[in-house]
Amino acid sequence: MAGRRAALALSAILVLAVLARLLPAYMSGSLFSTDVWPLYRDTRVLLENSQARIWEDKLFDGYNNHWPGVILSAAVSAAVLGLSARGVYMYLYTAALAAGMMVAFYAFARRILARSSSTLSLLVLGFTPSLLVFTSSPLKEVYAYPMLFALLALALRALEEPLAARGLALAAVLSLGMAVSHHLASFMAAGFTAGLAYALLACSLKGLRLAAPGAGARLLLLAALEALVFAAYYTLYGRYGLQLPLGLRDAALYLVYAAVIYGGFLVFAGRVSPAAAVLPVIPVMAYILAFRGSVAAMIGVRMSSSHILPYAAPIAAALTLVAFIRDRLLGALEAALGLFIALNTAFALFGSPGVSSIIHRFLDYLVPMLALLVGYLWGRGGGGVRLLAAAVAAASLASGLLVSVNIVSYRDKVSYTWYYPLCETRGFDTVFAYASRNLTLVGDTKVYYYGLMERNVDSRDVPAMLLQGGAPRPGKLYIVYYENYRIGYKFFHSIYRLGGLFSREGYSRVYDNFWVQAYLYGGGVDPRA
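Reading the values: rules and limits
Residues numbered from 1 in each chain as written. Predicted model: local features only at pLDDT ≥ 70, side-chain atom pairs only at ≥ 80, totals over all residues. Heavy atoms only, no water. Helix = DSSP H or I, 4+ residues; strand = E, 2+ residues; numbered from the N terminus. Expected span 1.5 Å × (residues − 1). Buried < 20%, exposed > 50% of the residue type's maximum accessible area, 1.4 Å probe, protein only. Axes fitted to C-alpha atoms, helices over the stretch in contact; angles between N-to-C directions. Parallel < 35°, antiparallel > 145°, perpendicular 65-115°, else oblique. Left-handed = near helix turned anticlockwise from the far one by under 90°. Contact = heavy atoms within 4.5 Å. Nonpolar A, V, L, I, M, F, W, Y, C, P; charged D, E, K, R; others polar. Salt bridge = Lys/Arg side-chain N within 4 Å of Asp/Glu carboxyl O. Phe/Tyr/Trp six-rings, centres within 6.5 Å; stacked < 30°, edge-to-face > 60°. Lys NZ or Arg CZ within 6 Å of the ring centre and 35° of its normal. 1 Å grid on protein atoms, 1.4 Å probe; cavity = no way out; pocket = protein on both sides within 12 Å on 5 of 7 lines; lining within 4 Å. Points joined across faces, edges and corners; volume = space filled by probe spheres on them. Arc of directions from axis to C-beta. Pairing = 2+ DSSP bridges. Core = buried A, V, L, I, M, F, W, Y, C linked by side-chain atoms within 4.5 Å.

Student: So what exactly am I meant to see when it comes to helix H17 (residues 366–380) here?
Tutor: In an α-helix there are 3.6 residues to a turn, and that puts residues three or four apart on one side. Its 15 residues give H17 an end-to-end C-alpha distance of 21 Å, which sits within 8% of 21 Å, the value for a rise of 1.5 Å per residue. Across the 15 residues of H17, 12 count as buried, placing the element largely inside the fold. Among the residues of H17, Leu-366, Val-367, Pro-368, Met-369, Leu-370, Ala-371, Leu-372, Leu-373, Val-374, Gly-375, Tyr-376 and Leu-377 are the ones counted as buried.

Here it is, written out as structure tokens:
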């Protein structure tokens, strides 16, 4: 009976989590996320042109086709199943990747947690808002997540026994699949695996032996395999689509940050639970999550912290649970995950502000770490701690569902640029089709990504005008949509209030379908193609 209840609970979580991720596409009738449009269009190129080769940049967007895992897979799925590329991206892959990620994470969690604890961990992973929204679209990194968790499960297996030839072959295949799919996921997988080896070493130096003999060496071998596969792929093909904006100075500074953070862990590893060594970074993480003051200015964020409260609150609450870990092995695993996230977040924030725009991507990797923590405390904590773990899981569920409903009801003020209702996409398509090629099209991040491979869109013009003043040059067509007026004009992670910008002299409204408007600046220019 208990086993049946556990299976029902697991099935209910999986089904509800998948449905929550399908909701935006179903309600909008369109693809969800800014980043998915070039992937979708690259897939259409493959389906519509049998002579197209994925390495021909002139046929594709020139970046995503160098990390083509999801593009190739979606094209094959559409051709074999007789589906449209739109149907694959809106429904099939959104559901399949969500289910695959959660099943792989559950297998990973079961290596170290009991069934009920793993189920609660899955609830947290499935509904923590930031990860829920991000995985509601079949993006490159989302495509890599099932492989990431499968590799982490192999790493936990390596703690107990040597990886046979089949295990290493599986690791190589998964590493290659991740490398072809997304660079950051590959980087994080290798860092987590090497970090776990370091955590075991640090604990062993303090007299704490947490795994079978040789586990550290096996983990380092696995991390080296992951890193080498990625390095080979990047060198041979990936680098032509992504040049990392980092030099030797950045590499040296990164090593300094690593020495400070991992050296600090070494000091505390034998005195407290290994995960408690991560406690000093919690205030920094909370500060970053709040996007306040000098941090906001440093990373170029202009957004009210109240807007991100439903996203940040479950993560901030779960971070405090680190202090309750008593299991040394789980503590080492949490430290391996947490320290690597802290290293990259701190480096992006303070060491290399040029890459600070991806801080939120590092913070997404906190979610599996915290999900494991909540599950552990549910299974092994005292009465009060169990209640606290249950409260955090409930907060994740409630916040995730609230954010999903807010997005489709136009009340979300963070992820609104990811939601593309048909009334907007049809408006964008009309403007793109009829606007003269002599005009410079201007729009925010949402319009910019929708225009990729269709029309070039300048997203920097409006923030520059609002911050610096002055008038634009004639011959610019400004595309705005409903939320630009209600919430603001979004440029990457910053939101700017438009005020009465387009009611000023010189702007003429040349298109309006109520949801989308186009304003031409300057007279004497025919806006039509």
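Having seen the structure, we can now continue with the description.
Student: Explain the packing of helix H15 (residues 328–351) against H17 here, please?
Tutor: Helix-helix packing: each pair is described by the crossing angle between the helix axes and the interaxial distance. With their axes 9 Å apart at the nearest point, H15 and H17 run at an angle of 155 degrees to one another. If you check the angle between H15 and H17, you find them roughly antiparallel. Regarding H15 and H17, the two cross each other, and that crossing is left-handed. Within the contact between the two elements, H15 uses Leu-330, Leu-333, Glu-334, Leu-337, Gly-338 and Ile-341 and H17 uses Leu-366, Met-369, Leu-372, Leu-373 and Tyr-376. Split into classes, the residues belonging to the contact of H15 with H17 amount to 9 nonpolar, 1 polar and 1 charged.

Student: Even after reading the chapter, I still don't get the pattern of salt bridges, so can you show me in this structure?
Tutor: Two side chains bearing opposite charge may form a pair once their charged atoms approach each other closely. What the rule picks out here adds up to 9 salt bridges. Across the pair Glu-454 and Arg-41 runs a salt bridge whose closest N-O atoms are separated by 3.6 Å. Taken together, the positions of Glu-454 in the loop between helix H20 (445–451) and strand E2 (457–458) and Arg-41 in helix H2 (residues 36–48) put the pair 413 residues apart, joining distant regions of the chain. With relative accessibility at 8%, the residue Arg-41 sits in the buried group. Here Arg-111 and Glu-160 are joined by a salt bridge, their closest N and O atoms 3.4 Å apart. In this pair, Arg-111 sits in the loop between helix H4 (85–110) and helix H5 (115–127) while Glu-160 sits in the loop between helix H7 (140–158) and helix H8 (165–181), placing the two residues 49 residues apart along the sequence. Its relative accessible area of 34% is what places Arg-111 among the partly exposed residues.

Student: Teacher, can you tell me more about the packing of aromatic side chains here?
Tutor: The description of an aromatic ring pair uses the distance of the two centres, along with the angle that the planes make with each other. Per the stated rule, a full pass over the model turns up 39 aromatic pairs. Between Phe-105 and Phe-108, the ring centres sit 6.0 Å apart and the planes meet at 65 degrees, which makes this aromatic pair edge-to-face. Taken together, the residues span about one helical turn, with Phe-105 and Phe-108 both in helix H4 at a distance of 3 residues. Comparing Phe-105 with Phe-108, the two get one shared label, buried. Geometrically, the ring pair formed by Phe-134 and Trp-418 is tilted, given 6.2 Å between the ring centres and 45 degrees between the ring planes. Of this pair, Phe-134 sits in helix H6 (residues 129–134) while Trp-418 sits in the loop between helix H18 (383–408) and helix H19 (422–434), and the two are 284 residues apart along the sequence. Across this residue pair, the class does not change: Phe-134 and Trp-418 are buried. Taken together, the ring pairs in this structure connect Phe-32, Phe-105, Phe-108, Phe-134, Tyr-145, Phe-149, Phe-187, Phe-192, Phe-340, Tyr-365 and Trp-418 into an aromatic cluster. We note Arg-386 situated over the ring of Trp-378; from NZ or CZ to the ring centre the distance is 4.0 Å. The residue whose ring lies beneath Lys-446 is Tyr-481, and the NZ or CZ to ring-centre distance is 4.6 Å.

Student: When you look at the side chain of Ser-396 in this model, what are you seeing that I'm missing?
Tutor: Of note, Ser-396 is situated in helix H18. According to the relative accessible area criterion, Ser-396 is buried, its value standing at 1%. The residues contacting Ser-396, other than those within four sequence positions of it, are Val-124, Phe-127, Thr-128, Pro-129 and Pro-314.

Student: Would you explain empty space enclosed by the protein in this entry?
Tutor: Taking a probe equal in size to a water molecule and rolling it over the atoms shows the remaining empty space. If you walk through the whole model with that rule in mind, you get 5 cavities of 30 Å³ or more. Here the largest cavity is characterised by a volume of approximately 50 Å³. Taken together, Phe-108, Leu-152, Ala-155, Leu-156, Phe-192, Thr-193, Leu-196, Leu-333 and Leu-337 make up the lining of the largest cavity. Among the elements of the structure, H7, helix H9 (183–205) and H15 are those that each provide at least two residues to the lining of the largest cavity. A breakdown of the residues in the lining of the largest cavity according to their chemical character gives 8 nonpolar, 1 polar and no charged.

Student: How should I be thinking about H19 in this particular structure?
Tutor: Over its 13 residues, H19 runs 18 Å from end to end, which matches the ideal 18 Å to within 8%, given 1.5 Å per residue. Among all positions of H19, only Glu-424, Thr-425, Gly-427, Phe-428, Val-431 and Phe-432 are buried. Take H19 and look down its axis: the buried residues cluster within an arc of 160 degrees, on one side only. Summarising the geometry of H19, the exposed residues directed more than 90 degrees from the buried face are Arg-426 and Tyr-434.

Student: Hey, could you run me through the sheet that holds strand E3 (residues 476–481) in this one?
Tutor: The pairing of strands in a sheet comes from backbone hydrogen bonds and takes either a parallel or an antiparallel form. An order of E2-E1-E3-E7-E6 is seen for the 5 strands of this open sheet, with the pairing classed as mixed. Looking at strand neighbours, the two that pair on one side only are E2 and strand E6 (507–512), the edges of this open sheet. Of the strand pairs in this sheet, strand E1 (residues 440–442) and E3 are connected by 3 bridges, and their pairing is parallel. What sits directly across from Thr-440, in E3, is Lys-476.

Student: Just to check I follow, could you spell out the nonpolar core for this structure?
Tutor: One broad trend across soluble globular proteins is that nonpolar side chains are buried collectively. Core analysis: the biggest nonpolar cluster contains 161 residues, and Phe-105, Phe-108, Leu-125, Phe-149, Tyr-365 and Phe-428 have the highest contact counts within it. For Phe-149, the residues in contact, after removing those within four places along its chain, are Met-101, Ala-104, Phe-105, Phe-108, Leu-125 and Pro-368. By size, the runner-up hydrophobic cluster in this structure holds 12 residues, among which are Val-442, Met-465, Leu-498 and Tyr-519.

Student: Sorry if this is basic, but what is going on with unusual backbone geometry here?
Tutor: Backbone phi values are negative for most residues with the exception of glycine, while trans is the configuration of most peptide bonds. Of note, Ser-33 is a non-glycine position whose phi angle comes to about 105 degrees, a positive value. Residue placement: Ser-33 occurs in the loop between helix H1 (2–28) and H2. Residue Ser-33 is classed as buried on the basis of its relative accessible area of 0%. The backbone of Met-453 shows a phi angle near 70 degrees, a positive value even though the residue is not glycine.

Student: Explain the environment of Gly-427 to me, please; I cannot follow it from the model alone.
Tutor: Structurally, Gly-427 can be placed in helix H19. Its relative accessible area of 0% is what places Gly-427 among the buried residues. Measuring from C-alpha to C-alpha, the distance between Gly-427 and Trp-515 comes to 7.5 Å, with 88 residues separating the pair along the chain. What Gly-427 contacts, discounting residues up to four positions off in sequence, is Tyr-511, Asn-513 and Val-516.

Student: Quick question: what am I supposed to make of the packing of H2 against helix H3 (residues 69–81) here?
Tutor: Interaxial distance between H2 and H3 falls to 9 Å at its minimum, and their mutual angle equals 50 degrees. As judged from the angle between their axes, H2 and H3 are oblique. In the packing of H2 onto H3, the handedness of the crossing is right-handed. Of H3, the residues touching H2 (which contributes Leu-39, Asp-42, Thr-43, Leu-46 and Leu-47) are Val-70, Ile-71, Leu-72, Ala-74, Ala-75, Ala-78 and Ala-79. Looking at the contact of H2 with H3 residue by residue, the class counts come to 10 nonpolar, 1 polar and 1 charged.

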